[in-house]
Amino acid sequence: MTEFTFDAPTVIRTKRDGGVLSDAAIDWVIEAYTHGRVADAQMSALLMAIFLRGMSNAEIARWTAAMIASGERLDFSDLRRAGKPLRLVDKHSTGGVGDKITIPLVPVVMACGGAVPQAAGRGLGHTGGTLDKLESIPGFTAEIPKAQIRQQLCDLGAAIFAAGELAPADRKIYALRDVTATTESLPLIASSVMSKKIAEGTHALVLDSKVGSGAFLDTEAESRELARTMVDLGTEHGVRTRALLTDMHTPLGRTVGNAVEVVESLEVLAGGGPEDVVELTLALAREMCDAAGLDGVDPAQTLRDGTAMDRFRDLVAAQGGDVAALSADSLPLGAYSETVSAPHGGTMGDIDAMAVGLAVWRLGAGRSVPGEQVQFGAGLRIHRRPGEPVAAGEPLFTLYTDTVERLAPAVSELDGAWSVGDRAPATRPLIIDRLT
């Protein structure tokens with residue numbers, strides 16, 4: 001009997017027409033694309049078909065498993081600290097605007113005794129990437145070998161690294177999604193996140209599923225479904241997984257971009273920083289410590305006593321970063337700037353997170369073609385948060401870029417994205433729900 005051979009047009013056509021991809025078809029297309037037998041143009045077409053037609057839970061599970069199988073799966077179960085197995089736990093956000101939480105969160109969990117194998121990503125669409133932000137620190141590299149990851153987990157309690165050979169199919173697909181308007185897809189988000197997180201070898205995982213205008217999915221119901229799908233995928237693969245639904249109508253904190261978000265993260269690690277960034281950092285830290293079985297620890301104390309800052313400096317130094325450059329004066333800031341000022345006095349209204357994310361992308365903090373170098377100094381400062389008093393003529397936003405021509409289109413993205421009125425907008429809880 002002749003074995004059936006798949007081809008890309010048939011797989012694309014099946015999903016384009018609303019069909020269900022078989023396990024064999026999914027396995028074939030992921031393996032073939034990983035090894036160059038399916039072209040970028042063909043995978044782009046399939047991604048758009050998935051974006052428009054969706055996937056069943058069974059398809060998502062198989063797509064995730066196929067991406068895990070495209071590379072190696074790390075195993076840290078043999079690692080010990082003080083003769084005891086490491087308490088391995090990680091966190092992942094579905095992507096937000098101003099979401100620099102990983103940067104202060106990892107050292108907080110380190111200081112609490114956890115071990116964090118953080119396979120992080122780069123910017124995707126209107127949302128920033130942890131690696132792009134950290135690489136704004138002179139010398140810092142996320143391209144570290146497996147032996148160094150293992151050593152850092154034992155010696156320091158964390159490594160923040162590019163996925164490398166973990167789910168290489170996802171790395172290629174992720175880059176395509178970033179530039180083909182296929183980022184906002186529940187099946188593609190869930191499989192992308194969980195293939196990397198399952199492959200990285202963590203024992204427990206806490207997910208931050210964003211809800212609001214700056215999230216990839218439009219409604220709370222979709223974000224809840226995404227969280228449920230990811231929790232189930234993790235559990236099926238033996239990873240203790242839970243999720244928080246968190247608000248992303250308004251950007252997190254007062255900065256959006258690359259180096260500017262590192263500066264704000266340093267403020268949090270120094271015991272200050274915006275209240276919402278601190279609140280979410282500590283909420284996720286408590287979930288991570290609980291999932292890892294770390295009893296009797298107080299994440300907030302690590303910010304008060306400076307131990308989290310110490311762990312961050314250790315981590316930066318271990319990955320080649322210049323610890324002396326960890327200050328607002330030393331990290332890059334765009335050479336050109338423009339300020340948006342208040343037309344009249346009043347109270348700051350809501351700020352649309354999506355518009356801010358797109359403005360920062362236009363400033364050069366994100367990519368428009370795969371592999372493009374981001375501008376580390378590109379970013380935006382929010383001088384007045386929703387509900388704060390505003391005086392006529394005072395700065396509301398300052399935009400930074402190294403390319404002066406980028407300022408005008410970035411400012412245009414903010415048109416209609418904010419308001420100054422007579423009363424404060426309704427407040428929303430930062431943490432909406434918890435799923436296990």
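Residues numbered from 1 in each chain as written. Predicted model: local features only at pLDDT ≥ 70, side-chain atom pairs only at ≥ 80, totals over all residues. Heavy atoms only, no water.

### Considerations on the side chain of S209
Heads up, the rule is: By the criteria applied, helices consist of DSSP H or I runs no shorter than four residues and strands consist of E runs no shorter than two, each listed in order from the N terminus. Pairs of N or O atoms are called polar contacts if they sit within 3.5 Å, as long as, within protein, a hydrogen donor faces a hydrogen acceptor (for residues adjacent in sequence, only side-chain-to-side-chain pairs). The contact criterion used is simple: two residues touch if any of their non-hydrogen atoms lie within 4.5 Å.
With respect to the helices and strands, S209 occurs in strand β6 (residues 204–211). At a separation of 3.1 Å, a polar atom in the side chain of S209 contacts the main-chain carbonyl oxygen of S223. The contacts of S209, once residues within four sequence positions are left out, are T94, S223, L226, A227, L244, L245 and T246.

### Remarks on the nonpolar core
We apply this condition: Only buried residues count toward a nonpolar core. Its members are Ala, Val, Leu, Ile, Met, Phe, Trp, Tyr and Cys residues joined through side-chain atoms within 4.5 Å. In this scheme, a residue with accessible area under 20% of its type's maximum is buried, one over 50% is exposed, and one in between is partly exposed, where area comes from a 1.4 Å probe on protein chains only. These domain limits were set by an automatic method or by a database of domain assignments.
In this structure, I137, F312, F397 and L399 are the most contacted members of the largest nonpolar core, which totals 76 residues. The greatest single-element share of this core, amounting to 10 residues, is contributed by helix α12 (residues 275–291). Shared between two domains, this core holds at least three residues of each, these being domain 2 (80–325) and domain 3 (336–421). One finds L46, W63, M67 and L226 within the second-largest nonpolar core, a separate group that totals 47 residues.

### Observations regarding the packing of helix α5 (residues 102–111) against helix α14 (residues 307–318)
Here is the rule we go by: Working convention: axes come from line fits to C-alpha atoms, limited for helices to the stretch in contact. Angles between N-to-C directions cover 0 to 180 degrees. Note on terminology: angles under 35 degrees are roughly parallel, angles over 145 are roughly antiparallel, angles of 65 to 115 are roughly perpendicular, and the others are oblique. Only Asp, Glu, Lys and Arg are considered charged, only Ala, Val, Leu, Ile, Met, Phe, Trp, Tyr, Cys and Pro nonpolar, and every remaining residue, Gly among them, polar.
Two elements in contact, α5 and α14, have axes separated by 8 Å at closest approach and are oriented at 110 degrees. With respect to each other, α5 and α14 are oriented roughly perpendicular. Across the interface between the two elements, I103, V106, P107, V108, M110 and A111 of α5 pack against T307, A308, R311, F312 and L315 of α14. Of the residues contributing to the contact of α5 with α14, the split by class is 9 nonpolar, 1 polar and 1 charged.

### Observations concerning the environment of S368
Locating S368 in the fold gives a position in the loop between α15 (353–365) and β11 (379–382). In this structure, the C-alpha to C-alpha distance between S368 and V179, residues 189 residues apart in sequence, is 5.9 Å.

### Remarks on the domain arrangement of the protein
Put simply, the test is: A 1.4 Å probe defines the accessible area here, and the buried area is the portion of it lost by two parts on being joined, summed over both.
In terms of domains, the protein is made up of domain 1 (8–54), domain 2 (80–325) and domain 3 (336–421). Placing the centre of domain 1 and that of domain 2 at their C-alpha centroids yields a distance of 29 Å. Residue-level contacts link 12 residues of domain 1 with 13 residues of domain 2. Considering only the side of domain 1, the residues that lose the most area to domain 2 are Y33, L47 and F51, jointly responsible for 50% of the buried surface there. The tally of links from domain 1 across to domain 2 stands at 1 residue pair in polar contact (both at pLDDT 80 or more). Breaking the side of domain 1 that touches domain 2 down by element, the ones donating at least two residues are α2 (23–34) and α3 (40–53). In terms of residues, the side of domain 1 that touches domain 2 owes the most to one element, α3, which gives 7 residues. Classifying every residue of the side of domain 1 that touches domain 2 by side-chain character gives 7 nonpolar, 4 polar and 1 charged.

### Describing a negative patch on the surface
Selection criterion: Residues qualify for a patch when their relative accessible area is over 30% and they have no salt bridge, like charges being joined within 9 Å and the nonpolar side chains of Val, Leu, Ile, Met, Phe, Trp and Tyr within 5 Å. Only the protein chains shown count as cover for residues, with accessible areas throughout obtained via the Shrake-Rupley method and a probe of 1.4 Å. Put simply, a salt bridge is a Lys or Arg side-chain nitrogen that is within 4 Å of an Asp or Glu carboxyl oxygen. Within this scheme the basic residues Lys and Arg register as positive and the acidic residues Asp and Glu register as negative, but His and the chain ends are omitted. A charged residue contributes its charge at one atom only: NZ of Lys, CZ of Arg, CG of Asp or CD of Glu.
Side chains of E184, D218, E222 and E225 sit close together on the surface and give a patch of like negative charge. Positionally, D218 belongs in the loop between β6 and α10 (220–236).

### What about the pairing of strand β3 (residues 89–93)?
The condition is simple: Paired strands are those between which DSSP finds at least two bridges.
The buried count for β3 comes to 5 of 5 residues, which makes it a mostly enclosed element. On β3, burial covers both faces: V89, K91 and S93 on one face and D90 and H92 on the other are all buried. Direction of pairing for β3 relative to β6: parallel, over a ladder of 5 bridges. From the neighbouring strand, S93 faces β6, where its bridge partner is D208.

### Some remarks on the sheet that holds strand β8 (residues 255–257)
Spatial strand order, β8-β11-β13-β9: 4 strands in an open sheet with antiparallel pairing. The two strands at the open ends of the sheet, each matched to only one other strand, are β8 and β9 (336–341). Across the sheet, the axes of successive neighbouring strands diverge by a mean angle of 15 degrees, strand direction being ignored. Note: β9 against strand β13 (residues 395–401), 6 bridges, orientation antiparallel.

### Quick notes on the packing of α5 against α12
The cut-off we apply is this: When the near helix sits turned anticlockwise from the far one by under a right angle, the crossing is termed left-handed; a clockwise turn instead gives a right-handed crossing.
Between α5 and α12, the shortest axis-to-axis distance is 9 Å and the interhelical angle comes to 40 degrees. Accordingly, the angle class assigned to the pair α5 and α12 is oblique. Pair α5 / α12 crosses with right-handed handedness. Contacts between α5 and α12 involve P104, L105, V108 and V109 on the former and, on the latter, T281, L284, A285 and M288. Among the residues forming the contact of α5 with α12, the class breakdown is 7 nonpolar, 1 polar and no charged.

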